Structures are given as C-alpha cells and as structure tokens.
Amino acid sequence: MLNTMSEQRKALALISGGLDSMLAARVVMEQGIHVEGVNFYTGFCVEGHTHAIRKRDRSRPKRNNALWVAEQLGIRLHFVDVTEQYKGVVINPRYGYGANLNPCLDCKCFMVGKAVEWIEAHGFDFIITGEVVGQRPMSQRRDTMRTVARESGADDRLLRPLCAKNLPPTLPEREGWVDRERLYGFSGRSRKPQMALAERFGLSDYAQPAGGCCFLTDEAYSRKLADLWQARGSREYELDDIMLLKVGRHLRPRPHFKLIIGREEGENNFLQGFRHRFVQLRTVSHPGPLALIDGETGEEDRELAARITARFSSGRNAQQVELRLEEPQGAQRLLRVAPMSAEEVLPEWYL
Amino acid sequence: MVPVRQRLDARHLLCPLPVIRVQDRIGRMAHGEQLEVLCTDPGAASDVPAWCRINGHRVLGIRERDGELVILIEVGGGKR
Ligand code: SF4
C-alpha cells in the first residue's frame, strides 16, 4: 500500500486554468497526495482582462479559470506575482521565441524554478505539471522536458502525471509516493485521451484555451509589443505598457508616438485610468472615443492625433470636431480640428 | 468588540491582480479581522469570493457604490 503509515507527501501543482493541469493534479490527488495549486501571474495571462474591460463582453459569465479549477478540485490556490522577474524571460529568452513573442521553453523553466523555490520554502515534496510530450512544437518535446527539469533545478522532483510513462521514473515514483502504473502515457497533439480522462473524473465545463496560455502567443499582441520595443529603442516594458497593449486600437502615425484609441465605453473608462501618465484626448462636440498619446509630441503631432481621434468619433463627417486635450499634470485645453478622411488614415499606421 | 477592519484599494487593477493583493494582505492579517476591498474590475465580484471560499475566508458582503465594488471579507482561522 502506498502512503500508509508514512507521512503524507505534498505536491504543488502548476495550475494554468486549462484542462491538462487540472487533470494532472487530479491524477495525483487520487493517489492520496496532498496537492495545492500555484498560478504565476506574469502580466501576459489571458485570464479575464479584455473581458473585464470591454462592456460587450461583460454579459458573458466571467471567471478566473485557475480559481475555478482549484475549487472544482477542492484544493488551495496560491497566486504568485512574478511580473518583475518575468521581464528577463520575455526580453532575453535563452532558448528563443516560438511562433510569436512567446518564450515558452524559458517560461516553463522559469515557472518550474519558481515552484521549486516555493516547495522548498513550504516543505512540499514535489511538483506537478500538465505537460504532455509532443503536444506543443517547441516546449513539449522529450528533450525539452529534460531541459525544464534540469534548468529549473527541479530535476527528478518534477512529475508530469499525464505523460510520466513516456519519461524516466521521477523521485515520487521511485520512492513509491505515487504508483507509476496509475499514471499516464499520453503523447502527441490529440486531445481525446484528456477528454476521456476528464469524463472519467466527472469533470466538465473546463476551459479549452486555443493556442497558448498567454497573450505572447497572439500574433497581433506580439506585433504591438515588438513595435513598443522598437519605438523606445530598448526591449523594456512596465506592467502598464503590456496592459495597454490589450486595449483599444493602436495606431502609429509617426515613429515617435502612437495613439491608443478606445473602441467602446468600457475601454474608454479603462484608458481614463492612465491619464496621469499620458496626454489624453477626448471628443467633446460629438460622442467619441478617449485616446492616449504615447510618446513625446509637439503641437503638430497633437493636432494630427486629434484629427485621427476625431475620425473615430461620430463627428467623422463634420467640418470640425472639438476635443479636450489633457496633460498628465492636469492642464486642459480645447482643440478644434477637421477629422481625417478614411483615406488619410493610412493602413500601415495600424499596429 | 468591534473587529479590526483594514481597507485595500484595488481599483483600476485587472483580475487576477485584485485577488493577488487580497491574498497578500490577508496573509498579514489575523483570524477574525475584516478587510474591505475596493475594486473596479467586475470580475473581482466572482474571483475574490472564489479565492475566499477555497482558502477558508468568509465574504460578509458585496455591494456596488458609485460604480465601484466594495467587498467585505472576514479572515478565516485555519488554513493559511
Ligand atoms: S504560452 Fe505563455 S505562459 Fe504558456 S508557456 Fe508559453 S510563454 Fe509561458
């Protein structure tokens, strides 16, 4: 018998909110291990953000999938804010990027490394992830599985219950804390085995994220991030910057500044929260968007920005539109401009 | 005895940041104390209570005030 007479072993499960990490945790719980979850907040997590901002998305039920998973499993969930340290991963990934600016392999090494710190600080025995060999092109090959275990410092304390049978036995298996025979040997891109296992556990209504677990796998998002780095001449960012990349239309009419234009009231309200950092434009003669100017601008630039913003207001066909320009320090003044025509707003301005 | 009540301003933060701030603050509070959280992300109305449920804290009330959410939590004793 496993786990009798001996102290109860404890595992920390990386919970992304998707099905695989949920199943991985569940499989190990079934073997009598005490499992708690951890979710790392990088700033790029897809979780909720744009839903929370955009009004039209608000009618849909919104939940944090990682929390939902933890509640379904009946385990505790610890959030760890890694936004600062994660910058090093995104800015300078040792193993490079995936199809977009997603540094998946470095990211996994980093997160499992953080999990190692956590288990060592909290007296836990091993780490669980929902990885499956061959599921994703770059980060879930057999050799990269080894890389993650090694680089993170987890070594054989890293158990992947869904594909453990395809990998050498880990510490919890060798010590008999978990029974290798009751782990799985999934591989490849098919989702069927996971879905069957979910059914066996009676789990339904789980999230099925397309692509990856974060915005960095998104092409449009990555393009905006690359543009930000290029415009600033350095690959750096603040949390505010990467939040703003998720919101509004982004147009760069001149190399030294861009405009972030709200697409609806929810976005306008959100952008309003950044008025102490950016010059802000808001149409007053007609209903219209709120826009932020990101970059150092002179009078001519601001007029251009106002004309573009007016283009996205309901005064787009009017002779003149009046806008209020507010400096980050609070000084305000009115601008009267002719809205740009559709043709004047060049397609290459759109990021 | 009136319970000790702390306030947390999580306005303009997007989920899961309000939850993270609540988690970090409650980690430094004692059983029976209360935390009043102000937030603007509507998602917090479901995420903060969910986090409280799985971590053994009690939501005493959620109300809306001037377009902002006010969530009152009582810190639980057991699990930390
Ligand atoms: S998709 Fe994003 S969060 Fe997931 S492994 Fe890749 S970089 Fe990390």
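A brief look at the structure comes next. This is a predicted model, so every value here is computed, not measured.

**Concerning the sheet that holds strand β5 (residues 158–159) of chain A**
Note: strands within a sheet are paired through backbone hydrogen bonds, in either parallel or antiparallel orientation. Residue and element names in this part refer to chain A. Strand order in the open sheet formed by 5 strands is β3-β2-β1-β4-β5, with parallel pairing between adjacent strands. At either margin of the open sheet sits one strand with a lone partner, and together these are β3 (77–81) and β5. In terms of strand pairing, strand β4 (residues 126–128) meets β5 through 2 bridges, oriented parallel. Along β5, the bridge assignment pairs Ile127 with Leu158. Along the sheet face, helix α1 (residues 19–29) touches β1 (10–14), β2 (34–41), β4 and β5 and points at about 135° away from the line of β4.

**A few points about the side chain of Lys114 of chain A**
Residue and element names in this part refer to chain A. For Lys114, the position within the fold is in helix α5 (residues 104–122). The class for Lys114 is buried, based on a relative accessible area of 10%. A distance of 3.1 Å separates the side chain of Lys114 from the side chain of Glu117, its partner in a polar contact.

**Details of helix α12 (residues 299–311) of chain A**
At 3.6 residues per turn, the α-helix brings residues three or four places apart onto the same side. The terminal C-alpha atoms of α12 of chain A, which comprises 13 residues, lie 19 Å apart, in line with the 18 Å expected from a rise of 1.5 Å per residue. Of the positions making up α12 of chain A, those classed as buried are Asp301, Arg302, Leu304, Ala305, Ala306, Ile308, Thr309, Ala310 and Arg311 of chain A.

**Description of the packing of helix α3 (residues 65–73) of chain A against helix α2 (residues 44–55) of chain B**
The geometry of α3 of chain A relative to α2 of chain B is characterised by a closest axis approach of 10 Å and an angle of 30° between their N-to-C directions. Comparing the axis directions of α3 of chain A and α2 of chain B gives the class roughly parallel. You can see that α3 of chain A and α2 of chain B cross each other, and the crossing is left-handed. Every residue of α2 of chain B that contacts α3 of chain A at Leu67, Ala70 and Glu71 of chain A is listed here: Asp47, Ala50, Trp51, Arg53 and Ile54 of chain B. Here the residues of the contact of α3 of chain A with α2 of chain B are counted per class, giving 5 nonpolar, no polar and 3 charged.

**Concerning the interface of chain A and chain B**
Each side of the interface is counted separately: chain A has 21 residues, and chain B has 20 residues. Here chain A packs against chain B, burying approximately 1,900 Å² in sum over the two surfaces, 62% of which is carbon and sulfur. Seen at the junction of chain A and chain B, the total is 2 salt bridges. Residue Arg53 of chain B pairs with Glu71 of chain A through a salt bridge whose shortest N-O separation is 2.3 Å. The interface formed by chain A and chain B holds 4 residue pairs in polar contact (both at pLDDT 80 or more) in total. Sorting the residues of the side of chain A that touches chain B by element identifies α2 (49–53), α3, β3 and α10 (239–244) of chain A as the ones contributing at least two each. When residues of the side of chain A that touches chain B are assigned to their parent elements, the largest contribution, 4 residues, is made by β3 of chain A. Class assignment for the residues of the side of chain A that touches chain B results in 11 nonpolar, 3 polar and 7 charged.

What counts, and where the lines are drawn
- Residues numbered from 1 in each chain as written.
- Chains lettered and ligands numbered in written order.
- Predicted model: local features only at pLDDT ≥ 70, side-chain atom pairs only at ≥ 80, totals over all residues.
- Heavy atoms only, no water.
- Pairing = 2+ DSSP bridges.
- Helix = DSSP H or I, 4+ residues; strand = E, 2+ residues; numbered from the N terminus.
- Contact = heavy atoms within 4.5 Å.
- Axes fitted to C-alpha atoms, helices over the stretch in contact; angles between N-to-C directions.
- Buried < 20%, exposed > 50% of the residue type's maximum accessible area, 1.4 Å probe, protein only.
- Polar contact = N/O pair within 3.5 Å; in protein donor to acceptor, adjacent residues only side chain to side chain.
- Expected span 1.5 Å × (residues − 1).
- Parallel < 35°, antiparallel > 145°, perpendicular 65-115°, else oblique.
- Left-handed = near helix turned anticlockwise from the far one by under 90°.
- Nonpolar A, V, L, I, M, F, W, Y, C, P; charged D, E, K, R; others polar.
- Buried area = accessible area lost by both parts, 1.4 Å probe.
- Salt bridge = Lys/Arg side-chain N within 4 Å of Asp/Glu carboxyl O.

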